[in-house]
Amino acid sequence: MIKQLFVLLFFCCIFQSYSQKLVYKSNGNILNSENQKISPDQVRELLKNNQKLLANYNAGRTKKTVGNILLIGGSAMVIGDLIVGATTDGNTTVTGNSIQTERNYPSALTFVGLAAVAVAIPVKIGFSKKIKNVVTEYNNLSATGYNNPKLDLITNSNGIGLRFTLN
């Protein structure tokens, strides 16, 4: 009897150790339990059975993409306008005996770029929180192992037994 219980306990430990733990690193990188980087497609494959976590992960990745576009695009607008402003002389007008030169920097492009960078910062912070939450919830789900493990006592004319159902 002790041998059967030991085999059953060993069997449960094997399934528990099989469940994969994920670790969140900076910039949306996710590592597995062996500290190897997992691609976003592999993470989606792991999360395919839990639609809520998959939707949250996809929303986090979308926020990352939008944040990167806003940050890079806004920075490019500001730098581009700075270069244009530094290389042009501006508008020169001659009125009577005076010459007036007007600088066109900063233009509206600079203000749009600064606004895009300002919006990008909270978006980038929000994506990392979303992905961290997904990793935490996935690890909590896999810590339990399976959704509904059941242990039943079975008896028949041949003897007594235990039935362990994982799902």
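Residues numbered from 1 in each chain as written. Predicted model: local features only at pLDDT ≥ 70, side-chain atom pairs only at ≥ 80, totals over all residues. Heavy atoms only, no water.

A. Summary view of the overall build of the chain. Looking only at helices and strands, one finds 4 helices and 7 strands in the chain. Secondary structure of the chain in N-to-C order comes out as α-β-β-β-α-α-β-β-α-β-β. Split by element, the accessible area of the chain, about 11800 Å² in all, is 61% carbon and sulfur. (Helix = DSSP H or I, 4+ residues; strand = E, 2+ residues; numbered from the N terminus. Areas by Shrake-Rupley, 256 points an atom, 1.4 Å probe, with all protein chains shown as cover.)

B. Local environment of unusual backbone geometry. Unlike most non-glycine residues, N27 shows phi in positive territory, near 65 degrees. Along the chain, the position of N27 falls in the loop between β1 (23-24) and β2 (30-31). Backbone geometry at N35 places phi at a positive 60 degrees, although glycine is not the residue there. Relative to the helices and strands, N35 resides in the loop between β2 and β3 (37-38).

C. Seen up close, the sheet that holds β1. Read from one edge to the other, the open sheet built from 3 strands follows the order β1-β2-β3, with strand pairing classed as antiparallel. Edge strands, defined here as strands with exactly one partner in the open sheet, are β1 and β3. Bridge analysis of β2 against β3 gives 2 bridges, and the strand direction is antiparallel. Its bridge partner being in β3, L31 is matched across the sheet by K37. (Pairing = 2+ DSSP bridges.)

D. Highlighting the side chain of R61. Structurally, R61 can be placed in helix α3 (residues 51-87). Buried within the structure, R61 lacks any salt-bridge partner; D41 is the closest side chain of opposite charge, at an N-O distance of 8.3 Å. Ignoring sequence-local partners within four residues, the contact set of R61 consists of G28, P40, R44 and I131. (Buried < 20%, exposed > 50% of the residue type's maximum accessible area, 1.4 Å probe, protein only. Lys, Arg positive; Asp, Glu negative; His and termini not counted. Salt bridge = Lys/Arg side-chain N within 4 Å of Asp/Glu carboxyl O. Contact = heavy atoms within 4.5 Å.)

E. Spatial organisation of the side chain of N139. Locating N139 in the fold gives a position in helix α4 (residues 108-144). A polar atom in the side chain of N139 sits 2.7 Å from the backbone oxygen of L22. (Polar contact = N/O pair within 3.5 Å; in protein donor to acceptor, adjacent residues only side chain to side chain.)

F. Layout of the nonpolar core. One finds L22, Y24, I30, V43, L47, Y57 and I131 to be the most contacted residues of the largest nonpolar core, which totals 14 residues. Where this core is concerned, the elements lending two or more residues are α3 and α4. Looking at which element gives the most residues to this core, the answer is α4, with 5 residues. Excluding residues that lie within four positions of it along the chain, I30 makes contacts with L22, V23, Y24, Q36, K37, I38, V43, Y57, I131 and V135. (Core = buried A, V, L, I, M, F, W, Y, C linked by side-chain atoms within 4.5 Å.)

G. Structural context of the pairing of strand β7 (residues 159-165). Strand direction decides the pairing type here: strand β6 (residues 150-156) and β7, joined by 7 bridges, are antiparallel. Paired with N156 across the strands is G159, a residue of β7. Taking the residues that link successive antiparallel strands as the turn, the β6-β7 hairpin has 2 residues.

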